[in-house]
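Structural characterization, general
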Amino acid sequence: MKQQGAHPEDTEGTPDASSRPNTAASETAHIDEVEGDEPLLPARVHRPSDLMRLLAGVLAVVVLLAIAAFAHGTTSGLEQDINKGTGQAPDLLIKIAGLASSIAILLVPVAFAIERLIKRDGLRIADGVLAAVLAHGVTLATDLWVARAAPDSIQEALTQPSPGDIHALTDPVHGYLAPVIAYMTAVGMSRRPRWRAVLWVVLLLDAFSMLVTGYTTPFSIILTVLIGWTVAYGTLYAVGSPNVRPTGRTLMAGLRTVGFRPVTASRVESGDASEAGDRGRRYFVTLEDGPPLDVTVVDREQQAQGFFYRAWRNLALRGFATRSSLQSLRQALEQEALLAYAAIAAGANAPKLIATSELGPDAVMLVYEHSGGRTLDSLPDEEITDELLRDTWHQVRALQSRRIAHRRLVGDAILVDRSGTVILTDLRGGEIAAGDLLLRMDTSQLLVTLGLRVGAERAVASALSVLGPDTVADCLPMLQPIALSRSTRGTLRQLARERAEREREAVLEAYRQSKPARAEHGAHQVVLDKPDKKAVRAEQRAEKRAVDEAMEEAREEDLLTQIRHEVLRIRPQAPVEPARLERVRPRTLISFIAGAIGAYFLLTQLTHIEFGPLVENAEWGWVAAAVLFSAASYVAAAMALLGFVPERVPFVRTVAAQVAGSFVKIVAPAAVGGVALNTRFLQRAGVRPGLAVASVGASQLFGLGCHILMLLAFGYLTGTEKTPSLSPSRTVIGGLLTVAVLVLVVTSVPFLRKFVVTRVRSLFAGVVPRMLDVLQRPQKLITGIGGMLLLTACFVMCLDASIRAFGDETTSVSIASVAVVFLAGNALGSAAPTPGGVGAVEATLTVGLIAVGLPKEVAAPAVLLFRLLTLWLPVLPGWLAFNHLTRKAAL
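Keep in mind that this is a model prediction, so the values were computed, not measured.

**Looking at the overall build of the protein**
- The secondary structure content of the protein amounts to 34 helices and 13 strands.
- By the burial criterion, 44% of the 891 residues in the protein qualify as buried.
- In the protein, the share of contacts with a sequence separation of at least 24, taken over all contacts with a separation of at least 6, comes to 77%.
- A total of about 45,400 Å² of accessible surface is found on the protein, and carbon and sulfur atoms cover 63% of it.

Okay, here's the thing in structure tokens:
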């Protein structure tokens, strides 16, 4: 086999007669020689299907144990019914079944191992032995857990008194049956029908005899099977399965079995590696006595490529927009053959299928007449004529006339031969009797494919000349990234990044061109020594206007928008609203995950709290005050953000965005969710992306500085509360020394120093200029600083009111101590990776309040009330605000 990047164009004839072997022996030797240099395949592969089966097995075990734990009545009734039914079996049948199963359970694995060794498949036997050993270890661990630590309900479901000793219990998991199941699964017996039938007969006989004799329970049998099955697939995924992908020798032999006499075969590299699994491996094969062939080989390993991506597409998109992610090799072979015959019957130019065959149990082969030519992606621009574009649309119209959807009309699926004829390839993923939506998706995909090569105007014009205005206009609702192929979406993203880079360069160039004028004007003002504030403001407005004009001139429409505009020129009334192709939107999925996580953490924190005494002893006046302080914090947060945004942004909507942030905090760490939401909000409010990021970064940077200063200041005051002198506390001194040591360590280690310098430099590159802009507006600066101080004060007063709601005069602590505890807990919560700092904040606040002298009986409920008011209760209003702002296109 020889590596090759495209179809050879100079091999359309037969090889020279002088090169042909003259004898059968020389023919065999020649074929062995050309089997060749295909890329070295890995000895083992990790199949996603094995991982999915592993996860399914683990889930089944969890569900089984949950049923055994919580449905005790059901399990007891089931066991009684089974025991009653099996108890009527004849004793002779029971004895025969027990003897046969005991012998067969040992002989069947040995016989299968001998059969595999004869066929030189020892790797599978080794995998089976490893899986059996691991399964035995898992059964021992399960037996030990059930006997010593499992709930009584699980123990009763998995065990019963042993018939031989009423004081002993039967084994929860059968130590010999689970390893046998793991062994037989790992060696691949399920792919061999006869061995599989024998195995199931043996397992059923063994389970029957064990149940009748009272040595097991139904749940024990099911758990044993699940453990063996799960361990087997876990072992296969961890160590990998032997690679059974057919080699070049297998391909040559397969071609000979269907009547061909191959001489050479060359691997044709796929142009798109991300979708190669859907297309199969391609070979160019020359024959002794005939034109060359194009051969496609599809195996199980290639089908596994992109499995998780296809599974996500099937979950996220509606059924009509997706294709099956789980397909057998026989189904893949039949689908591609059917589509090849149907395309030719429809009058379209497609590769002619002349033979199909299986290459063993794990691969299939499809043989086509050689088409030759080059793909649309490889053609130079000057060769893509209007006639070629129209010919492409004619082929698509022929398919659609018979309701055939191609599903992948990208550049490398459109072949142009030497005569300029267009041939549609890669029909494997298509669909027969397709609906209107799929046909419209094909049209939109081809519009984008051609638009990427020749521009939107020519692509739309060629489509209109063949399909007509109505058909082209009907595809506009499908003109959205999610309806396009994976490779096309990647190309569009790359073009979007290039457009954004060009826009940035244009703005920077306009800024640089205005710089000499500003310097000249500044020098003139210095000479006159009469700075004019109005002139300075006018100059700033002119500079901003020049930058905006430069950005407007540099702004480019994306390809999808250009195609829409071209179609709307012909059909102004055409529908442009995107069709709903998504079954599950990412926003909906995030909302569901947020609700689940929030409910889980809330329930885990509330299960150990006795609410009766807390409600009876609470001071509801202080609870109301805590609620007011919590509500006021959102106004303060809006002030803290807008103080670093020179542009005009609605204040009320900014407050709503801060309320929405209380919902986002549930699904993201506190230091991440709020930053992303505020950045998105500012961009939607009209602030340019770079400036929005800089504004939020400036707010965060300034807030960090204020946080550290307030922590040191309140810590200092806390240390002087009980002493007349103003000497700082040991905690503050220790903290300062710790910071100093960390600074010395970072500056002395080159790797750490480079890391910190790089991060700080990138931060100051965008944030510091934004802060300088804010410094020129004193009102904005006062608003930002005041908002930060007010935000901290609201939280401190909320925590203090929560403490007073459950305490009295003898258990109160000073405001300075409360501030230190809150600032420390907030800092740790921002660094914690949990959503909203859950766990870290509660622990820090509780321990901190106890450390400053508050009793545990007061500290715990106070922290709980504080977190309820500032984290959990605002989730519902935050969700409502999030959805409202999303509908208003403000997020």
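**Overview of the packing of helix 7 (residues 177-186) against helix 9 (residues 218-239)**
- The interhelical angle for the contact between helix 7 and helix 9, taken along N-to-C directions, is 40°, at an axis separation of 8 Å. By the angle between their axes, helix 7 is oblique relative to helix 9. The element helix 7 and its partner helix 9 pack so that their crossing is right-handed. Across from Leu177, Ala178, Ile181, Ala182, Thr185 and Ala186 in helix 7, the residues of helix 9 making contact are Thr224, Val225, Gly228, Trp229, Ala232, Tyr233 and Leu236.
- Along the lines of polarity and charge, the residues of the contact of helix 7 with helix 9 split into ten nonpolar, three polar and no charged.

**Thoughts on the pairing of strand 10 (residues 363-369)**
- With six of seven residues buried, strand 10 lies mostly within the body of the structure.
- The pairing of strand 8 (residues 293-299) with strand 10 spans seven bridges and is classified as antiparallel. Looking across to strand 10, one finds that Val295 is bridged to Val367.
- The pairing of strand 9 (residues 353-358) with strand 10 spans five bridges and is antiparallel. Within the sheet, the bridge partner assigned to Glu358 lies in strand 10 and is Val364.

**Overview of the packing of helix 24 (residues 620-642) against helix 30 (residues 778-806)**
- Packing of helix 24 against helix 30 brings their axes to within 7 Å, and their N-to-C directions diverge by 160°. Judged by the angle between their axes, helix 24 and helix 30 are roughly antiparallel. In this structure, helix 24 meets helix 30 at a crossing whose hand is left-handed.
- Tallied by class, the residues present in the contact of helix 24 with helix 30 amount to 20 nonpolar, six polar and two charged.

**So, the confidence of the model for the protein**
- Here the protein averages 75 in pLDDT, while 65% of its residues score no lower than 70.
- Scored below 50 in pLDDT, residues 526-530 shows one contact in the model against residues more than four places distant or in partner chains.
- Segment residues 720-732: pLDDT under 50, and 16 contacts once partners within four positions in sequence are set aside and those in other chains are kept.

**Focus on the environment of Arg867**
- Mapped onto the elements of the fold, Arg867 is located in helix 33 (residues 856-872).
- When its relative accessible area of 7% is taken as the criterion, Arg867 is described as buried.
- When the C-alpha atoms of Arg867 and Cys798 are compared, they prove to be 9.9 Å apart, with 69 residues separating the residues in sequence.

**What about helix 14 (residues 329-345)?**
- With 17 residues, helix 14 extends 24 Å between its outermost C-alpha atoms, agreeing within 8% with the 24 Å of an ideal straight helix rising 1.5 Å per residue.
- Considered for burial, the residues of helix 14 that qualify are Leu329, Ala332, Leu333, Glu336, Ala337, Leu339, Ala340, Ala342 and Ala343.
- Following helix 14 by one or two positions, Gly347 has its phi on the positive side, about 95°.

**Some remarks on the pattern of salt bridges**
- Here the structure, examined in full by the defined rule, presents 13 salt bridges.
- The salt bridge partner of Arg261 is Glu288, with a shortest N-O separation of 3.3 Å. Taken as a pair, Arg261 in the loop between helix 10 (248-257) and strand 6 (262-268) and Glu288 in the loop between strand 7 (281-287) and strand 8 lie far apart in primary sequence, 27 residues in all.
- Asp412 is the partner of Arg408 in a salt bridge, and the nearest nitrogen-oxygen pair spans 3.3 Å.
- A residue is classified by how much of its surface remains accessible, and Asp412, at 10% relative accessible area, is buried.
- Several salt bridges share partner residues, and in doing so they unite Arg282, Arg408, Asp412 and Asp426 into one network.

**Notes on the pairing of strand 7**
- In terms of burial, strand 7 is largely enclosed, as seven of its seven residues are buried.
- The alternating pattern of strand 7 places Arg281, Tyr283, Val285 and Leu287 on one face and Arg282, Phe284 and Thr286 on the opposite face, and all of these are buried.
- As paired elements, strand 6 and strand 7 share six bridges and run antiparallel to each other. Note that in strand 7 the partner of Ser266 across the bridge is Phe284.
- For strand 7 and strand 8, the ladder comprises five bridges, and the chain directions are antiparallel. What sits directly across from Arg281, in strand 8, is Val297.
- Between strand 7 and strand 8, which follow one another and run antiparallel, lie five residues.

Criteria and thresholds
- Residues numbered from 1 in each chain as written.
- Predicted model: local features only at pLDDT ≥ 70, side-chain atom pairs only at ≥ 80, totals over all residues.
- Heavy atoms only, no water.
- Helix = DSSP H or I, 4+ residues; strand = E, 2+ residues; numbered from the N terminus.
- Buried < 20%, exposed > 50% of the residue type's maximum accessible area, 1.4 Å probe, protein only.
- Contact = heavy atoms within 4.5 Å.
- Areas by Shrake-Rupley, 256 points an atom, 1.4 Å probe, with all protein chains shown as cover.
- Axes fitted to C-alpha atoms, helices over the stretch in contact; angles between N-to-C directions.
- Parallel < 35°, antiparallel > 145°, perpendicular 65-115°, else oblique.
- Left-handed = near helix turned anticlockwise from the far one by under 90°.
- Nonpolar A, V, L, I, M, F, W, Y, C, P; charged D, E, K, R; others polar.
- Pairing = 2+ DSSP bridges.
- pLDDT = per-residue confidence, 0-100.
- Expected span 1.5 Å × (residues − 1).
- Salt bridge = Lys/Arg side-chain N within 4 Å of Asp/Glu carboxyl O.

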